[in-house]
Each structure stands twice: as C-alpha cells, then as structure tokens.
Amino acid sequence: MGRITLDKVEKSFGDVSVIPPLDLTINDGEFVVFVGPSGCGKSTLLRLIAGLEDVSGGVISIDGNDATRVPPAKRGLAMVFQSYALYPHMSVRKNIAFPMRMAGMDKAEQDRRIEGAAAALNLTDYLDRRPGQLSGGQRQRVAIGRAIVREPAAFLFDEPLSNLDAALRHGMRLEISELHERLKTTMIYVTHDQVEAMTMADKIVVLQAGVIEQVGSPLELYHSPQNLFVAGFIGSPKMNFFTGADAAEHDAHTIGIRPEHLTVSTTEGRWKGTVGVAEHLGSDTFIHVHPEGDPAATLTVRVGGEFVASHGDTVHISPLHADRIHRFDAEGLRI
Ligand code: ADP
Ligand code: MG
C-alpha cells in the first residue's frame, strides 16, 4: 500500500514561507512527478513527505494513518537522491544489503531480496564489484536497489538522473518506468525537466513558488493547461504566445499556439516573418521566426524533417486548426 495525502501542508524556513498550505492526494501505485523550475519547493515537499523536514502546519497521512510526526525511518518510504550516496569501500551486494543489515534482518531474507533487486535492475553480474568499478547509470541502479530491498510503501526520487549524461538519462528513465510497471509501488519523482515529467508520470504536479499550478495526466496538461505558466512550462519546444490584436481577434488577452500546431509556407499565411535559426533534427525541423513588425519576438514552428530553411528566409506562418489555439484572460487563466 502507498496512498499518501497532504492536508493543508505548509513549510516556512524562519519567517520565509516556501510552501503555502497545499492539498494533494497520491494514490496507491501511482507514478507522480513533481515538476517546476529550480527553487520552486519540489525537494522541500518531498522531504516533508519523507519526514526529513518537519511541516510548519498541516497533516501528512500514509495509508490513512497520520504520519506527520512519525520519524523518517518509520514511514515505510525509501528515498533515492541525485548523489548516489554509496559506500565506496563496500561491494554492490553490501551496499544493497546495508539498510537490511542495519535493521537486523535475517540473512537468508536479505539474500532473497538482494537477488530479487539485482535481477530487477540487471545488476546480478555486478554484485561483487565496488561502486568505483561501475558506470554512473549502474551506480544509480545500486542506489535504487538499496531502496527496493526495503520493500517501501512508496519510492521518493529527488532528481535521480541529473548527474547522468543525456543518453544514459534516457535509458534510466525507461528503466525506472519499467520498474514501476513491474513493482506497481507508488513512486514520487522530483525533476525540473518537463520531458522527464511528461514521459514518466501517471500524474504530474506542476509547482511554482511552492504553489500547485495544476495537477493532471501528461496529456491533460498538454491539451488543457489551466494557466499561462503551465502552458509555457509543459511542451517542447515551448508554446508561442500572442497578445494585442492577435489575441483580441479570439476574445482573449493572450493566445497560445504550440510549435507543432503552426504551419509554414513560403508563399502565404497569417504571419509573415524572417527565419532566425532553423534547427534540422532529421525527424523534425524547428524554425524560429522573427515576425514582421516585431523582430525581437520569436515564433517557433515545428515541421517535418524534410522542410529545409535557412537564416534570412522569408516565411509565412499560420495556425493549423482553430481548436488548437489556447485562450487566456488578463489574469493568465484559461478561458
Ligand atoms: P527545488 O527542489 O524545487 O529546486 P527547494 O525545495 O530545494 O527547491 O527550495 C525551495 C526554496 O526553499 C528555495 O527558495 C530554497 O532556497 C529554500 N530552502 C530550502 N531549504 C532551505 C533551508 N534549509 N533553509 C532555508 N531555506 C531553504
Ligand atoms: Mg531540488
């Protein structure tokens, strides 16, 4: 079991409020991602759930029991950090066994759990190595293995992949997602990377300055961002925004159109502009266009990889479908 509820949970450091009172439910077995810019309170929220920080107010429940004052070791949660925090002089086996040894667990049970975790994480052939003899990805797997053997009610990950290079990060992302599919244990995963959030989460919690801006599935956030912040944060490349006359036409203060919902033509279109940079990725081309009359602005258009453009080209941009235009009011809220 691993249902976690936060009821008016808040946190201040001294007289600085970092998290105003906040409610959140994390269902048993869910993969929940806390995402937001650096400093928005993701780690603090995770540490409150783990018990590594005391709440300034509110109640944290785990499986229906008030855990607000329960010490971290007794909450039944396992945390995995960005820094693997492995013991360099111990073998992989001993590192994974460490929490069980501390708990005085029966040796045969320890071995059973180590074999299980090693098999789940492709570490079986590495159990006798030391961390220094492993790659970064393998070290992070050892850290995850050490969490798995505790058979926690939930795993708490704080930016676990940030130390890895891009290719390895992608591989580990898939591994953690697959691990979740197999274990079906609640996972809370903190990242500043919205692509990680979109690809891994059942449910994304978007945070800004300690406030939950929106909670929803990746596609709910993509299709119906509730405000300008979420609209601009979720999606890559970022949504384009228009104000003034362009937005007034749609009875809005601001309209937003994603790069993949714009088309480009060399002959005609809604907005004329000049190509600043064209990024040819092969699969896609991202064209960054400075519109005529507003050369400081940039519109990003995502088109097929066969579309070739270069700096200085004149292009015409149009919305693909009227129903892919997001409308926001003067407060930045979705209309
Ligand atoms: P994130 O993980 O989203 O980058 P954090 O949760 O680490 O953000 O930090 C949120 C805010 O709380 C930041 O402004 C940070 O400076 C502040 N903060 C975090 N820990 C402490 C602390 N122990 N004392 C004072 N301020 C802190
Ligand atoms: Mg953090």
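Anyway, here's the lowdown on the structure attached to this text.

Cut-off values and rules
- Residues numbered from 1 in each chain as written.
- Chains lettered and ligands numbered in written order.
- Predicted model: local features only at pLDDT ≥ 70, side-chain atom pairs only at ≥ 80, totals over all residues.
- Heavy atoms only, no water.
- Core = buried A, V, L, I, M, F, W, Y, C linked by side-chain atoms within 4.5 Å.
- Buried < 20%, exposed > 50% of the residue type's maximum accessible area, 1.4 Å probe, protein only.
- Pairing = 2+ DSSP bridges.
- Helix = DSSP H or I, 4+ residues; strand = E, 2+ residues; numbered from the N terminus.
- Axes fitted to C-alpha atoms, helices over the stretch in contact; angles between N-to-C directions.
- Left-handed = near helix turned anticlockwise from the far one by under 90°.
- Contact = heavy atoms within 4.5 Å.
- 1 Å grid on protein atoms, 1.4 Å probe; cavity = no way out; pocket = protein on both sides within 12 Å on 5 of 7 lines; lining within 4 Å.
- Points joined across faces, edges and corners; volume = space filled by probe spheres on them.
- Nonpolar A, V, L, I, M, F, W, Y, C, P; charged D, E, K, R; others polar.
- Near = heavy atom within 4 Å.
- Polar contact = N/O pair within 3.5 Å; in protein donor to acceptor, adjacent residues only side chain to side chain.

### Concerning the nonpolar core
Okay, so step 1: Membership of the largest hydrophobic core comes to 42 residues, with the highest contact counts inside it found for Ile-96, Ile-144, Phe-157, Ile-176, Tyr-189 and Val-206.
Okay, so step 2: Residues Val-18, Leu-22, Ile-26 and Ile-49 belong to the second largest nonpolar core, which totals 29 residues.

### Describing the pairing of strand S14 (residues 271–280)
Okay, so step 1: Of the strand pairs in this sheet, S14 and strand S17 (residues 314–319) are connected by 4 bridges, and their pairing is antiparallel. Bridge pairing in S17 places Gly-273 opposite Val-315.
Okay, so step 2: Relative to strand S15 (residues 284–291), S14 runs antiparallel, the two being bridged by 7 bridges. Considered in S15, the bridge of Ala-278 is made with Ile-287.
Okay, so step 3: With antiparallel pairing between neighbouring strands as the criterion, S14 and S15 make up a hairpin whose turn holds 3 residues, including Gly-282 at a positive phi of roughly 95°.

### Observations concerning the packing of helix H2 (residues 92–102) against helix H4 (residues 136–148)
Okay, so step 1: Orientation of H2 relative to H4, taken along the N-to-C sense of each, is 35°, at an axis distance of 7 Å. Of the two possible hands of crossing, H2 and H4 adopt the one that is right-handed. Contact residues: Val-92, Asn-95, Ile-96 and Pro-99 in H2; Val-142, Gly-145 and Arg-146 in H4.

### Overview of the layout of surface pockets
Okay, so step 1: Roughly 560 Å³ of internal volume is contained in the largest pocket.
Okay, so step 2: Lining the largest pocket are 24 residues, and of these Leu-77, Ala-78, Met-79, Pro-99 and Arg-150 sit closest to its centre.
Okay, so step 3: Put simply, the parts of the chain that give the lining of the largest pocket at least two residues each are strand S6 (77–80), H2 and H4.
Okay, so step 4: With 4 residues, the top contributor of residues to the lining of the largest pocket is S6.
Okay, so step 5: The residue inventory of the lining of the largest pocket, partitioned by class, reads 19 nonpolar, 2 polar and 3 charged.

### Looking at the site of ligand 1
Okay, so step 1: Taken together, Phe-13, Val-18, Pro-37, Ser-38, Gly-39, Cys-40, Gly-41, Lys-42, Ser-43 and Thr-44 are the residues near ligand 1.
Okay, so step 2: Between Ser-43 and ligand 1, the recorded distance is 2.8 Å, taken from a side-chain N or O atom to an oxygen atom.
Okay, so step 3: Between Thr-44 and ligand 1, the recorded distance is 2.5 Å, taken from a side-chain N or O atom to an oxygen atom.
Okay, so step 4: No other element matches the 3 residues that helix H1 (residues 42–50) contributes to the shell around ligand 1.
Okay, so step 5: When the residues that make up the shell around ligand 1 are grouped by side-chain class, the tally is 4 nonpolar, 5 polar and 1 charged.

### Some remarks on unusual backbone geometry
Okay, so step 1: Ser-236 connects to Pro-237 through a cis peptide bond whose omega is -5°.
Okay, so step 2: Phi angles above zero are rare outside glycine, and Glu-151 is one such case at about 45°.
Okay, so step 3: Positionally, Glu-151 belongs in the loop between H4 and strand S7 (154–158).
Okay, so step 4: Even without glycine at this site, Glu-159 takes up a positive phi of about 45°.

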